[in-house]
Amino acid sequence: MPEHAIEVKSLVKRFGDFTAVDGVSFEVERGRIFGFLGANGAGKSTTIRMLCGLLDPTSGTATVGGYDIRREPERVKRAIGYMSQRFSLYEDLSVAENIRFFGGAYGLTRKAVDARLAWVLEMAGLEGRGRSLTRTLSVGWKQRLALGCAILHEPRIVFLDEPTGGVDPASRRRFWELINSLSEGGITVFVTTHYMDEAEYCNDIRLIHAGRIVAGGSPQELKTRYIKNPILEVSCDRTVEAMEILQAEPWVLETSIFGLTLHISVAGEEEGTRLVRARLAQAGIAVDRVDRIMPSLEDVFIHKIEEQAARPAAGEGGP
Ligand SMILES: Nc1ncnc2c1ncn2[C@@H]1O[C@H](COP(=O)(O)OP(=O)(O)O)[C@@H](O)[C@H]1O
Ligand SMILES: [Mg+2]
């Protein structure tokens, strides 16, 4: 067995003269939850499809479960589970028929599928619903069923492309519990999401922006490695107006709105707090409180993406 479940070196994908994935490299340790984060269009699905042996890279190499994605794509496909972004269930088939269909597609015997059927139903919380039409299920159930179908053949590595897109928070939480239990069973989970808060559930993260990896590490490492300046959380009236006023100040390095509060990055905590209070008072905006906070992963990502946006386009290096 290779040291890493997944090894990626300088992977590139161009569509015509557009570069969707621009030289990404990383390793994924076995049994970990690896989060691939980025906004829509960042290059997440394109990367996943290359790693699953479904799309040829323009250049670069990668191994998945020890198999080379260019030379042995068929072996890669058999070694992995893949849940695509649209989780391709057959809506007009029943729950059990979908499970049987995917079991057949993975080459499982009828007996083996029967043995896994009950397990999938239980995992998805669909006991007694085997005969229900898939179309009638809520998105949360469909997602759990799609996950069950993707791991029927008990792969050691699974790729989940935005598995929690479009579901309610309770279903998202439940789905992450499933991801955790897979990881506890020694399965490597490669998961993409554009929900920044979900990064907290991953052991290791890469942030991808415009086809390039711009930050990486564990959640804790990301918060301490990339954010050097204190972040102040400001609770005040007229948040949007307050943000506009503060943004114009030279001592305010970055601003963003978090729910009903403002996060601002400043050079020093005490000086910054005093200046915020004074400037907003001058504008007639009542300030409830100003507290220094631990940066959230969202703060880190906003910081990294703004940093990228501020760079000249040509000749830039890595993170
Ligand atoms: N087959 C394709 N032909 C041309 N452009 C594509 C194709 N697939 C993806 N793209 C483009 O590549 C970029 C990255 O897409 P994708 O990997 O799907 O991003 P993500 O999954 O992060 O939202 C997008 O700008 C998308 O429009
Ligand atoms: Mg995608």
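Worth saying up front: this structure is predicted, and the values here are computed from it rather than measured.

So, how was this worked out
Residues numbered from 1 in each chain as written. Chains lettered and ligands numbered in written order. Predicted model: local features only at pLDDT ≥ 70, side-chain atom pairs only at ≥ 80, totals over all residues. Heavy atoms only, no water. Pairing = 2+ DSSP bridges. Helix = DSSP H or I, 4+ residues; strand = E, 2+ residues; numbered from the N terminus. Axes fitted to C-alpha atoms, helices over the stretch in contact; angles between N-to-C directions. Contact = heavy atoms within 4.5 Å. Domains from an automatic or database assignment. Donors = N, O, S within 2.8 Å, 3.2 Å for Na, K, Ca; no water. 1 Å grid on protein atoms, 1.4 Å probe; cavity = no way out; pocket = protein on both sides within 12 Å on 5 of 7 lines; lining within 4 Å. Points joined across faces, edges and corners; volume = space filled by probe spheres on them. Nonpolar A, V, L, I, M, F, W, Y, C, P; charged D, E, K, R; others polar. Phe/Tyr/Trp six-rings, centres within 6.5 Å; stacked < 30°, edge-to-face > 60°. Buried < 20%, exposed > 50% of the residue type's maximum accessible area, 1.4 Å probe, protein only. Lys NZ or Arg CZ within 6 Å of the ring centre and 35° of its normal. Near = heavy atom within 4 Å. Polar contact = N/O pair within 3.5 Å; in protein donor to acceptor, adjacent residues only side chain to side chain. Areas by Shrake-Rupley, 256 points an atom, 1.4 Å probe, with all protein chains shown as cover.

1. A closer look at the sheet that holds strand 8 (residues 188–193)
Here we have six strands laid out as an open sheet, ordered 6-7-8-3-9-10, and mixed in their pairing. Single-partner strands in this sheet number two, and they are strand 6 (80–83) and strand 10 (212–217). For this sheet, the mean angle separating the axes of adjacent strands, direction not counted, is 15°. Two elements, strand 9 (residues 204–209) and strand 10, share five bridges in a ladder whose sense is antiparallel. Across the sheet, I205 pairs through a bridge with G217, a residue of strand 10. Strands in contact with helix 6 (residues 169–184) are strand 3 (33–37), strand 6, strand 7 (157–161) and strand 8; relative to strand 8, the strand with the most contacts, it is inclined by about 155°. Each of strand 3, strand 9 and strand 10 touches helix 10 (residues 297–310); the most contacted strand, strand 9, lies at about 35° to it.

2. Topic: the domain arrangement of the protein
Annotation of the protein at the domain level lists domain 1 (4–223) and domain 2 (228–294). When each unit is reduced to the centre of its C-alpha atoms, the spacing between domain 1 and domain 2 is 39 Å.

3. Some details on the sheet that holds strand 13 (residues 261–266)
A sheet is described by the order of its strands in space; here four strands give the open sequence 12-13-11-14, paired in antiparallel fashion. With one partner strand each, in any of the chains shown, strand 12 (252–258) and strand 14 (287–293) form the two edges of the open sheet. For this sheet the average axis-to-axis angle between neighbouring strands, irrespective of direction, equals 25°. Summarising the sheet, strand 11 (residues 231–236) and strand 13 pair through four bridges and their orientation is antiparallel. Each bridged residue has a counterpart across the sheet, and for L232 the counterpart in strand 13 is I264. Where helix 9 (residues 269–282) meets the sheet, it contacts strand 11, strand 13 and strand 14, and its direction lies at approximately 160° from that of strand 14.

4. Description of the coordination of the magnesium ion (ligand 2)
Here the magnesium ion (ligand 2) is held by S45 (OG) and Q85 (OE1), and the distances to it run 2.0 to 2.3 Å. Highlighted residues: S45 in helix 1 (residues 44–51) and Q85 in the loop between strand 6 and helix 3 (95–105), separated in sequence by 40 residues.

5. Some words on the layout of surface pockets
In this model, the largest pocket occupies a volume close to 420 Å³. Lining the largest pocket are 20 residues, with G81, Y82, F102, Y106 and A150 sitting closest to its centre. Contributions of two or more residues to the lining of the largest pocket are made by helix 2 (73–79), strand 6, helix 3 and helix 5 (139–150). The element that contributes the greatest number of residues to the lining of the largest pocket is strand 6, accounting for four residues. When grouped by side-chain class, the residues that make up the lining of the largest pocket number 14 nonpolar, four polar and two charged.

6. Notes on the packing of aromatic side chains
This structure, assessed with the given rule, holds 11 aromatic pairs. Ring centres 4.9 Å apart and planes at 70° place the aromatic pair Y90 and F101 in the edge-to-face group. You can see Y90 sitting in the loop between strand 6 and helix 3 and its partner F101 sitting in helix 3, a full 11 residues away along the chain. The class for Y90 is partly exposed, based on a relative accessible area of 41%. Taking the relative accessible area as the measure of exposure, F101 reaches 39% and is therefore partly exposed. Connected via pairs of aromatic rings, a cluster forms that spans F26, F34, F36, F159 and F190. A cation over a ring is seen here: R172 above Y195, with NZ or CZ 3.8 Å from the ring centre.

7. What to know about the site of ligand 1
Around ligand 1, the surrounding shell consists of F15, F18, A20, A39, N40, G41, A42, G43, K44, S45 and T46. For ligand 1, an oxygen atom lies 2.9 Å from a polar atom in the backbone of S45. Look at ligand 1: alone it shows 560 Å² of surface, and the protein chains cover 62% of it. Those elements giving two or more residues to the shell around ligand 1 turn out to be strand 2 (18–29) and helix 1. Top contributing element to the shell around ligand 1 by residue count: helix 1, with three residues. Of the residues that constitute the shell around ligand 1, the class distribution is five nonpolar, five polar and one charged.

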